[in-house]
Amino acid sequence: MPKIEPIPILLLTGFLGAGKTTLLARWLQAPEMAGAMVIVNELGEVGLDHRLVEASSDVPLLLENGCACCAAQEDLIGTLERLFWDRLHRRISRFTWVLIETTGMADPLPVIDAIARHPLLGERYRIAGVVTALDAKRGLERLAEFPECRHQLLSADAVIITKTDIAEAREVAHIRSRLPDLAPHAKVLSGANGELAASALLAVLATCSRCGSHAHDEGGHDHVHEHDHAEAHDHSDVSARIEAQHADGVTSAFLPLPQPVAWGPLISALETLMAGHADTLLRLKGLVRLQGAPGWHAVQATPGQGITRAEVPIEPGETPRTGFTLIAFHEPAAAIASSLNALIAIKSARSEAASAAG
């Protein structure tokens, strides 16, 4: 029988706001990633990240409303199964890679475990690398509170320190000094504004011919992909599945914004919101229509790191739902969403009054 060549999977993880989607979009423009199948996993009622990579990938698939490590795990396994059979029977183009971007709250260990244990996926796919994006400014702040963040680092074959363009040299140096303990099997790379060549990443991940990981020499296979990291889990019962570990007190909510809004009042409302909830609001992102501007715009915000806006492609005839997903910690996200709704109304009314008076 011909030797089975498993399809490589690149698992891209990292905490909320670490810059995963920016990295992924850049990599998909590289010839090394030609023919990649992309799966984007998101929390919230309106997916955004898959739209941000559409310009780079013809077929991004979206897993919504749950992490691939727990609520959406069955969806991920089913998607990988379907993709394999569709590829085998030539119902879709022959993809050469699968790139999975997890949510910022995902624990990658159960994802790795579920793929390895599955009779079909364990034979026909392989984890070629776990890549963890780590924010240079705030990446270490949540380690004590979020087991997901610790496991993202522990499982990493490569850690990419992001946002080095806005971080101070001492902050980057501090992160590098901590990583040997936090990510003991990872090589450390860096990328400002997502500028890390796909070729450089793949060169790091391709060192070991036996499992696709660079994390050890040819004689050693003691990293987390083999499920014997005692620091992460007790594997004395090899039949036990790895369960996702999530921090308590994390909630998400969606604020619909069906009508176009003015950019000035919106950004003012977002700045006020982030200042008032800097310790509890983890992430805000959404799709909006703006008054006086054509198209649909992705707006993202992380406390302490500002607000970004970018126009995103929409399929002809599609009318996507608009609004914001908010993720919060130790404060109900629904309450913060209600505050944002009130702030937008107040700021818009003031802007309209000023225009009428002027």
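Residues numbered from 1 in each chain as written. Predicted model: local features only at pLDDT ≥ 70, side-chain atom pairs only at ≥ 80, totals over all residues. Heavy atoms only, no water.

## Observations concerning empty space enclosed by the protein
- Following the criterion strictly, the structure yields 1 cavity of 30 Å³ or more and no others.
- Size it by volume and the largest cavity reaches roughly 190 Å³.
- Residue lining of the largest cavity: 17 residues in total, with Phe15, Leu16, Asp135, Arg138 and Arg142 positioned closest to the centre.
- Breaking the lining of the largest cavity down by element, the ones donating at least two residues are strand E5 (125–135) and strand E9 (281–288).
- Here the lining of the largest cavity takes 3 residues from E5, the largest share from any one element.
- Among the residues forming the lining of the largest cavity, the class breakdown is 10 nonpolar, 3 polar and 4 charged. (1 Å grid on protein atoms, 1.4 Å probe; cavity = no way out; pocket = protein on both sides within 12 Å on 5 of 7 lines; lining within 4 Å. Points joined across faces, edges and corners; volume = space filled by probe spheres on them. Helix = DSSP H or I, 4+ residues; strand = E, 2+ residues; numbered from the N terminus. Nonpolar A, V, L, I, M, F, W, Y, C, P; charged D, E, K, R; others polar.)

## Overview of the confidence of the model for the chain
- On average, residues of the chain carry a pLDDT of 82, and 82% of them reach 70 or more.
- Helix H2 (residues 49–52) is the least confidently modelled element of the chain, averaging 42 in pLDDT, while helix H9 (residues 263–276) averages 96, the highest of any element.
- When the criterion is pLDDT under 50, residues 45–59 qualifies, and its contacts beyond four places in sequence or with other chains add up to 55 contacts.
- Here residues 209–239 is a poorly scored stretch, pLDDT under 50, and it has 76 contacts once near neighbours within four places are set aside; other chains count. (pLDDT = per-residue confidence, 0-100. Contact = heavy atoms within 4.5 Å.)

## Observations concerning helix H8 (residues 198–205)
- Those residues of H8 lying buried are Ala198, Leu201, Leu202, Val204 and Leu205. The buried residues of H8 occupy an angular sector of 155 degrees when the element is viewed end-on, so they sit on one face. (Buried < 20%, exposed > 50% of the residue type's maximum accessible area, 1.4 Å probe, protein only. Arc of directions from axis to C-beta.)

## Here's the deal with the sheet that holds strand E8 (residues 250–256)
- Taken in spatial order, the 5 strands of this open sheet run E8-E12-E9-E10-E11, and their pairing is antiparallel. Looking along the sheet, the strands with just one partner apiece sit at the ends: E8 and strand E11 (307–312). Neighbour-to-neighbour, the strand axes of the sheet open up by a mean angle of 15 degrees, direction not taken into account.
- Where H9 meets the sheet, its contacts fall on E9, strand E10 (296–301), E11 and strand E12 (323–329), and the angle it forms with E11 comes to roughly 140 degrees. (Pairing = 2+ DSSP bridges. Axes fitted to C-alpha atoms, helices over the stretch in contact; angles between N-to-C directions.)

## Regarding the packing of helix H3 (residues 73–88) against helix H4 (residues 108–117)
- Put simply, H3 and H4 touch, their axes get as near as 11 Å, and they point 40 degrees apart. The angle between H3 and H4 falls in the class oblique. As H3 runs across H4, the sense of the crossing is right-handed. The residues of H4 that touch H3, namely those facing Gln73, Leu76, Ile77 and Leu80, are Pro110, Val111, Ala114 and Ile115.
- Each residue belonging to the contact of H3 with H4 can be placed in one class, and the counts come to 7 nonpolar, 1 polar and no charged. (Parallel < 35°, antiparallel > 145°, perpendicular 65-115°, else oblique. Left-handed = near helix turned anticlockwise from the far one by under 90°.)

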